[in-house]
2 protein chains.
Amino acid sequence: MTSEMHPQRWGDPAAAVALPDTARGLVELAFGGIRDTSAVVAPAGELPSLDDALLDGLRAVVGTEHVLTDTATRALRTRGKSTPDLLRARAGDLTDAPDVVVRPGDAAEVEALVAFAVEHHLALVPFGGGTSVTGGLVARREGFAGVVSLDLVRLDRLVAVDPVSMTATLEPGLRGPAAEALLAEHGLTLGHYPQSFEHASIGGFAATRSSGQASAGYGRFDALVVGLTVVTPSGVLTLGSAPADAAGPDLRQLVLGSEGTLGVITSVTVRVRRLPAVKVYDGWRWPSFAAGSDAMRTLAQAGLLPTVIRLSDETETAINLADPDSIGAGGDAGCLMVVGHEGEPASVAARRAAVAAVLTGLGGTDLGEEPGRAWEHGRFHAPYLRDSLLDVGVLVETLETATFWSHRQGLYDAVKAALAGSLGEGALVLCHVSHVYETGCSLYFTVAARQGEDPLAQWAAAKAAASDAIIAAGATITHHHAVGTDHKPWFAREIGPVGVQVLRAVKDSLDPTGVLNPGVLIP
Amino acid sequence: MTSEMHPQRWGDPAAAVALPDTARGLVELAFGGIRDTSAVVAPAGELPSLDDALLDGLRAVVGTEHVLTDTATRALRTRGKSTPDLLRARAGDLTDAPDVVVRPGDAAEVEALVAFAVEHHLALVPFGGGTSVTGGLVARREGFAGVVSLDLVRLDRLVAVDPVSMTATLEPGLRGPAAEALLAEHGLTLGHYPQSFEHASIGGFAATRSSGQASAGYGRFDALVVGLTVVTPSGVLTLGSAPADAAGPDLRQLVLGSEGTLGVITSVTVRVRRLPAVKVYDGWRWPSFAAGSDAMRTLAQAGLLPTVIRLSDETETAINLADPDSIGAGGDAGCLMVVGHEGEPASVAARRAAVAAVLTGLGGTDLGEEPGRAWEHGRFHAPYLRDSLLDVGVLVETLETATFWSHRQGLYDAVKAALAGSLGEGALVLCHVSHVYETGCSLYFTVAARQGEDPLAQWAAAKAAASDAIIAAGATITHHHAVGTDHKPWFAREIGPVGVQVLRAVKDSLDPTGVLNPGVLIP
């Protein structure tokens with residue numbers, strides 16, 4: 001069984017990242033000093049529960065030991081890991097806790113649980129790694145007999161490997177590291193490393209259209225998926241007859257991004273790659289974010305994208321949240337780019353040389369491997385650091401979007417202005433590009449500000465302002481964090497009333513009584 | 001205005017390809033001799049028409065000169081260009097003719113026509129190039145007040161070019177050559193060259209998930225599309241905020257492949273590339289189809305795919321339908337592969353050398369540029385040659401599918417056996433692979449047999465046998481020809497009852513009275 005995350009913090013408590021001295025200095029300087037805001041309130045009062053008949057019904061499906069009602073287990077299935085989620089958890093607020101956590105052992109038990117939920121009108125919340133940062137696990141309780149967290153942790157098998165087609169079929173409960181370990185036994189890798197990698201699940205990657213730090217080389221998760229099995233209240237949907245086809249609309253792309261609202265994914269068949277023999281990550285300095293972005297665009301449009309490519313803007317480069325040891329250390333002016341190549345030695349050497357030639361020609365400065373190593377070392381640390389900052393009176397959160405290249409600068413300016421306008425000029429707004437396409441890129445913002453009286457309201461206002469700016473700029477409300485409940489109003493504006501109508505029609509058809517993750521995704 | 005195709009034959013009559021002597025010899029040898037089956041029956045009787053009030057209503061929307069009811073215009077909008085379509089056209093059968101052809105001038109007129117069709121319950125058949133080979137233009141007449149062919153030929157503008165994002169927005173009525181000519185003025189190309197290129201339209205490419213001969217280098221058409229505008233009876237759907245996103249299911253992929261049943265595409269925004277400075281196509285010989293296929297797989301999985309890659313099996317290599325001048329000339333044993341590289345000279349040279357090294361290492365024999373030039377010369381000729389063969393007593397038709405690499409040989413064997421079983425051992429079955437992915441490939445079959453008493457029934461039986469074999473093998477019923485009406489029963493088996501239910505739900509939501517291309521696609 002996978003280790004569980006801390007109920008009020010990110011990740012494994014043993015891996016917590018203490019606030020480095022440099023960061024303490026920054027907090028003193030920028031946010032009015034260190035204040036102890038680390039107190040946690042224990043949840044008070046009784047949590048609601050299902051009646052015994054319903055619990056017995058669930059036990060009959062999955063076995064008594066897999067129907068869990070204790071507060072600790074339920075607390076760990078309450079909301080996800082956005083900053084508002086953490087603030088609510090720290091305040092002892094378990095109002096969104098499920099009534100019960102059930103752990104099916106196979107797809108047949110998932111089918112039986114879906115049928116049971118329909119029969120008894122129970123809201124069913126598919127649960128993978130619990131890493132949602134957009135409220136994807138906050139199902140609507142009103143109108144249902146109760147809320148059941150459907151924890152897929154026991155669906156953790158590597159079902160099949162096809163080394164000829166280079167595909168693998170995985171169960172949804174596998175966490176990132178476990179999936180990679182099982183594939184590594186066959187010399188294979190998914191190459192999918194989002195920041196949530198250590199805790200997020202295969203089912204979650206698919207349900208949210210996840211994108212990893214090496215998306216330039218391995219592809220977004222939705223591009224890796226060639227097949228899916230999905231249990232819906234209307235039956236089982238099995239998709240994926242070929243790598244690509246012209247047999248009507250691609251229904252796989254309707255399940256990818258459906259966030260548990262249309263069905264429960266019980267298997268995912270993905271494209272895999274051979275484990276890379278070599279991984280090398282170089283640092284490059286650019287005189288400006290615009291110059292570095294243009295270089296990314298040139299590489300993408302020349303068919304020269306490396307495996308990993310990310311570019312921090314001037315502020316993020318100076319602060320360098322990705323490397324806690326150097327936070328606040330400032331450093332040279334300009335912007336840091338990390339360029340990584342993975343694969344066979346000869347191929348990596350050739351691609352590295354070709355990319356270096358282009359970057360040098362465009363005005364980049366090769367910083368060698370040290371900045372790349374620092375990034376690699378800290379690549380999963382940022383969420384831990386957020387907890388340490390939340391402990392000392394700082395409000396920290398991230399948001400992200402994507403757009404076409406010609407709109408990149410305008411979107412960047414608009415979101416920065418919206419955040420500064422809401423949080424005040426004292427707020428720090430950092431940004432990086434970490435997902436690059438021929439036609440555009442993502443923008444990922446990290447925001448830090450002094451915590452006010454009501455940090456939840458403080459962030460809600462800033463997030464709304466940024467989201468309004470994103471939609472006004474014609475960009476997407478989310479490149480890889482999904483819609484959940486938090487993004488719904490802006491998602492509705494993004495796809496328009498006809499798009500919303502289509503989603504509702506699919507939802508009503510597959511889940512006519514609406515038991516699957518009610519309130520999530522569908523506007 | 002684009003030149004129109006011949007009503008009973010493929011393409012431009014001036015470009016017809018006479019049957020080469022070698023092919024005549026083959027027909028003598030294999031199909032019992034040359035017989036004159038070129039006779040065409042003129043359509044007899046009156047074609048049905050709309051009443052004057054409806055015609056006046058249409059005229060009020062698009063102008064009198066764009067409402068056409070003459071038999072010639074309607075004949076050219078009757079069915080598509082499959083062999084059964086041609087046989088019916090040759091027999092003078094215009095039972096599927098539309099009552100009227102209307103040519104809107106812009107998206108607003110399309111909206112008005114859709115509203116008019118809903119109001120008067122007229123079946124509306126979006127018409128692009130008329131090149132469907134799967135019955136995509138054969139709408140159901142029963143239950144409707146009439147059938148209107150919605151010819152999009154006047155929506156033929158290049159609306160916008162974004163040279164920074166490398167995207168272009170095109171109207172649906174643009175034919176392939178016109179789109180390329182407009183883009184070439186900006187130094188850009190789509191790189192999308194299906195065999196139907198000379199006549200097919202941008203809207204059709206999108207509506208059918210088309211895939212071109214250079215798909216390995218430029219991508220399938222659905223991979224090129226970043227945005228769409230679609231007029232539905234429920235309103236206008238505008239999609240595409242970013243190259244990729246996690247904002248729910250990718251609704252673009254629901255429109256791509258919808259074949260005019262969910263809405264009328266009025267603009268398509270696509271990724272474009274710079275016009276290649278160099279195009280070079282080499283021939284390679286392989287000892288067997290299996291050896292050549294394995295080499296394709298190696299290239300795809302090594303990230304070394306060229307721009308064009310196609311491999312003919314032993315029979316197709318011997319017959320070489322792609323090059324009419326050498327049909328029946330036989331030649332060396334083995335299988336011919338065409339490997340093409342397009343781009344800047346240095347990049348082409350480097351990729352060509354890298355690919356050649358791999359292919360040589362795997363046992364391929366470099367045949368130089370002559371076979372590649374022959375392929376390039378004849379790449380759009382096959383449909384013309386089909387007409388010439390239909391004229392001399394031969395039944396010729398194609399079908400295609402795709403699967404994962406580990407199923408390639410089994411699928412190939414099964415489809416060949418099914419076709420031979422239905423048409424008899426005298427039939428020739430040729431096959432090539434022309435679309436290659438990391439996880440699998442397409443298989444494209446060309447069938448030639450002596451025409452029997454009832455060639456329509458003869459082909460229907462063979463096609464059904466092959467389709468059954470495809471679905472039994474778990475492959476897709478179509479890699480790039482779409483579903484139309486011909487593939488519907490097998491499409492339903494491929495996506496299963498839940499998949500069919502989803503499509504029906506979307507259809508019922510967007511087109512509640514079912515006026516858009518009724519009878520097509522949706523099982």
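Note: the structure precedes this text.
Residues numbered from 1 in each chain as written. Chains lettered and ligands numbered in written order. Predicted model: local features only at pLDDT ≥ 70, side-chain atom pairs only at ≥ 80, totals over all residues.

Give a detailed account of the sheet that holds strand β15 (residues 365-368) of chain A, specifying residues and quantitative values.
Residues and elements named next belong to chain A. Pairing is antiparallel across the open sheet formed by seven strands, whose spatial order is β15-β12-β14-β13-β17-β18-β16. Each edge of the open sheet carries a strand with a single partner, namely β15 and β16 (394-404). Recorded for the sheet is a direction-independent mean angle of 25° between the axes of neighbouring strands. Looking at chain direction, strand β12 (residues 278-286) and strand β14 (residues 335-343) are connected through nine bridges and run antiparallel. The partner of lysine 279 across the bridge, within β14, is glutamate 342. Of the strands in this sheet, β12, β14 and β15 are in contact with helix α14 (residues 370-378), which crosses β12 at around 115°. (Pairing = 2+ DSSP bridges. Helix = DSSP H or I, 4+ residues; strand = E, 2+ residues; numbered from the N terminus. Axes fitted to C-alpha atoms, helices over the stretch in contact; angles between N-to-C directions. Contact = placed C-beta atoms within 7 Å.)

Please set out the relation of the copies chain B and chain A residue by residue, giving values where relevant.
Each of the two chain copies goes to the other by way of a rotation about an axis and a shift along it. For the match of chain B to chain A, the screw axis carries a shift of 0.0 Å, the RMSD comes to 0.0 Å, and the turn is 180°. Considering both components of the superposition, the chain copies are consistent with a two-fold axis. Both copies present the same face, since 100% of the interface residues in chain B are matched by interface residues at the equivalent positions in chain A. (Least-squares fit on C-alpha atoms with pLDDT ≥ 70 in both.)

Any details on helix α1 (residues 21-30) of chain A? Residues and values, ideally.
Residue and element names in this part refer to chain A. When α1 is considered as a whole, its buried residues turn out to be Ala23, Leu26 and Val27. Each buried residue of α1 sits inside an arc of 100° when the element is viewed along its axis, so together they form one side. Turned more than 90 degrees off the buried face of α1, the exposed positions are Asp21 and Leu29. Residues of α1 that are buried in the fold lie against β16. In the stretch just after α1, glycine 32 is the one whose phi turns positive, near 75°. (Buried ≥ 20, exposed ≤ 12 C-beta atoms within 10 Å, placed from the backbone. Arc of directions from axis to C-beta.)

Any chance you could break down the packing of helix α4 (residues 83-90) of chain B against helix α17 (residues 455-472) of chain B for me, citing the residues and the numbers?
Residue and element names in this part refer to chain B. For the pair α4 and α17, the least separation of the axes is 10 Å and the interaxial angle reads 170°. Classified by the angle their axes make, α4 and α17 are roughly antiparallel. Here Thr83, Pro84 and Leu87 of α4 lie close against α17, whose contacting residues are Pro455, Leu456 and Trp459. Residues that form the contact of α4 with α17 fall into these classes: five nonpolar, one polar and no charged. (Parallel < 35°, antiparallel > 145°, perpendicular 65-115°, else oblique. Nonpolar A, V, L, I, M, F, W, Y, C, P; charged D, E, K, R; others polar.)

Lay out the sheet that holds strand β3 (residues 123-127) of chain A with the relevant residues and their values.
Residues and elements named next belong to chain A. Taken in spatial order, the four strands line up as β1-β2-β4-β3 in an open sheet, and their pairing is mixed. At either end of the open sheet lies a strand with only one pairing partner, and these are β1 (67-68) and β3. As defined by bridge partners, strand β2 (residues 100-102) adjoins strand β4 (residues 147-151) across three bridges and the pair is classed as parallel. Of the residues in β4, the one forming a bridge with valine 100 is valine 148. The sheet strands contacting helix α5 (residues 107-120) are β2, β3 and β4, and the helix crosses β3 at an angle near 150°.

Break down the interface of chain B and chain A for me, citing the residues and quoting the values.
Each partner contributes residues to the interface: chain B has 69 residues there, and chain A has 69 residues. Secondary structure elements with two or more residues in the side of chain B that touches chain A: β8 (225-232), β9 (235-239), α10 (252-255), β16 (394-404) and α18 (488-510) of chain B. Ranked by residue count, the leading element in the side of chain B that touches chain A is α18 of chain B, at 15 residues. Among the residues making up the side of chain B that touches chain A, the classes are represented as 33 nonpolar, 27 polar and nine charged.

Describe in detail the packing of helix α2 (residues 52-62) of chain B against helix α5 (residues 107-120) of chain B, supporting the description with residues and values.
Residue and element names in this part refer to chain B. Relative orientation of the contacting elements α2 and α5 amounts to 160°, with a least axis distance of 9 Å. Taken together, α2 and α5 sit at an angle that is classed as roughly antiparallel. Relative to α5, α2 is oriented so that their crossing is right-handed. For the pair α2 and α5, contact is made by Leu54, Gly57, Leu58, Val61 and Val62 and by Glu109, Ala112, Leu113, Phe116 and His120, respectively. Each residue belonging to the contact of α2 with α5 can be placed in one class, and the counts come to seven nonpolar, two polar and one charged. (Left-handed = near helix turned anticlockwise from the far one by under 90°.)

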